[in-house]
Amino acid sequence: MAFLAIAYPVIESSDFEWIQDIRKLHDRQFDLVNPHITLVFGTNKLNLSEFTKHIQSKVRTFKSFKVTMDSAKTIEGNSIDDCHAFLIPSVGFNEINELHDLLYQDELESELRRDMPFIPHLTIGSGSKEEMTVLVNKVNEQRISINGNVGEVNIISFDGSKVKDINMLSLV
């Protein structure tokens with residue numbers, strides 16, 4: 001079982017529904033987890049108690065922050081059929097980056113993927129490069145602006161088929 005740290009941004013219900021409508025058609029993880037920003041990717045290096053303690057120690061002084069997701073971008077994975085469509089925040093980008101880097105310090109430093117740069121994002125789709133490029137272009141044509149707030153970090157588990165919310169840690 002892997003543990004992750006994610007943030008569910010608090011956004012307007014109409015924006016949530018818009019994202020979910022897209023995800024339902026394009027995101028393989030639609031049925032697993034609600035729209036989220038991944039801060040620590042799946043790891044089993046620490047047990048739940050150790051992972052929770054680590055995340056708590058890092059977020060206890062981190063301030064909540066606003067996000068505005070206003071562009072989409074195609075990100076290539078390991079193959080032409082493994083691409084993703086990301087909503088990218090202009091507001092909150094630096095804070096997400098900072099929080100991600102903070103959480104990968106100390107006990108989780110060895111888990112940081114140095115072979116690919118971290119891009120703050122909320123995934124809206126996955127599939128072929130062609131499919132994701134079409135999706136991103138449609139989203140960007142709409143000139144979206146989804147405003148919200150990140151006020152907590154959620155610890156979740158993933159066993160390969162099911163996501164379980166375990167703990168919610170409030171930001172100050």
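Quick note: structure is the one above.
Residues numbered from 1 in each chain as written. Predicted model: local features only at pLDDT ≥ 70, side-chain atom pairs only at ≥ 80, totals over all residues. Heavy atoms only, no water.

### Overview of the packing of aromatic side chains
Two aromatic rings are characterised by how far apart their centres lie and by the angle between their planes. Summed over all chains, the structure comprises 3 aromatic pairs. Seen from their ring centres, Phe62 and Phe65 are 6.2 Å apart, and the 75 degrees between their planes marks the pair as edge-to-face. The pair formed by Phe62 and Phe65 is uniform in burial state, with each residue classed as buried. (Phe/Tyr/Trp six-rings, centres within 6.5 Å; stacked < 30°, edge-to-face > 60°. Buried < 20%, exposed > 50% of the residue type's maximum accessible area, 1.4 Å probe, protein only.)

### Topic: the packing of helix 1 (residues 13–26) against helix 4 (residues 129–141)
The geometry of helix 1 relative to helix 4 is characterised by a closest axis approach of 12 Å and an angle of 165 degrees between their N-to-C directions. With respect to their mutual orientation, helix 1 and helix 4 come out roughly antiparallel. Relative to helix 4, helix 1 is oriented so that their crossing is right-handed. Of the residues in helix 4, those in contact with Trp18, Ile22 and His26 of helix 1 are Met132, Leu135 and Val139. Class assignment of the residues belonging to the contact of helix 1 with helix 4 gives a composition of 5 nonpolar, 1 polar and no charged. (Axes fitted to C-alpha atoms, helices over the stretch in contact; angles between N-to-C directions. Helix = DSSP H or I, 4+ residues; strand = E, 2+ residues; numbered from the N terminus. Parallel < 35°, antiparallel > 145°, perpendicular 65-115°, else oblique. Left-handed = near helix turned anticlockwise from the far one by under 90°. Contact = heavy atoms within 4.5 Å. Nonpolar A, V, L, I, M, F, W, Y, C, P; charged D, E, K, R; others polar.)

### Concerning the side chain of His36
Within the fold, His36 resides in the loop between helix 1 and strand 3 (37–43). Engagement of the side chain of His36 in a polar contact is seen with the backbone oxygen of Asn34, the distance being 2.9 Å. Polar side-chain contacts of His36 include one of 3.3 Å to the side chain of Thr38. Not counting chain neighbours up to four residues away, the residues in contact with His36 comprise Ile6, Ala7, Tyr8, Pro9, Gln29, His121, Leu122 and Thr123. (Polar contact = N/O pair within 3.5 Å; in protein donor to acceptor, adjacent residues only side chain to side chain.)

### Here we look at the sheet that holds strand 5 (residues 83–91)
The strand order 2-7-4-5-6 describes an open sheet built from 5 strands, whose pairing is antiparallel. This sheet does not close on itself; its edge strands, each paired only once, are strand 2 (10–11) and strand 6 (122–127). Both strand 4 (residues 65–76) and strand 5 contribute to a ladder of 8 bridges, which runs antiparallel. Note that in strand 5 the partner of Ala72 across the bridge is Leu87. Packing of helix 1 onto the sheet brings it into contact with strand 2, strand 5, strand 6 and strand 7 (146–150), and relative to strand 6 it is tilted by some 20 degrees. The sheet contacts of helix 3 (residues 93–103) involve strand 4 and strand 5, and relative to strand 5 the element is tilted by about 110 degrees. (Pairing = 2+ DSSP bridges.)

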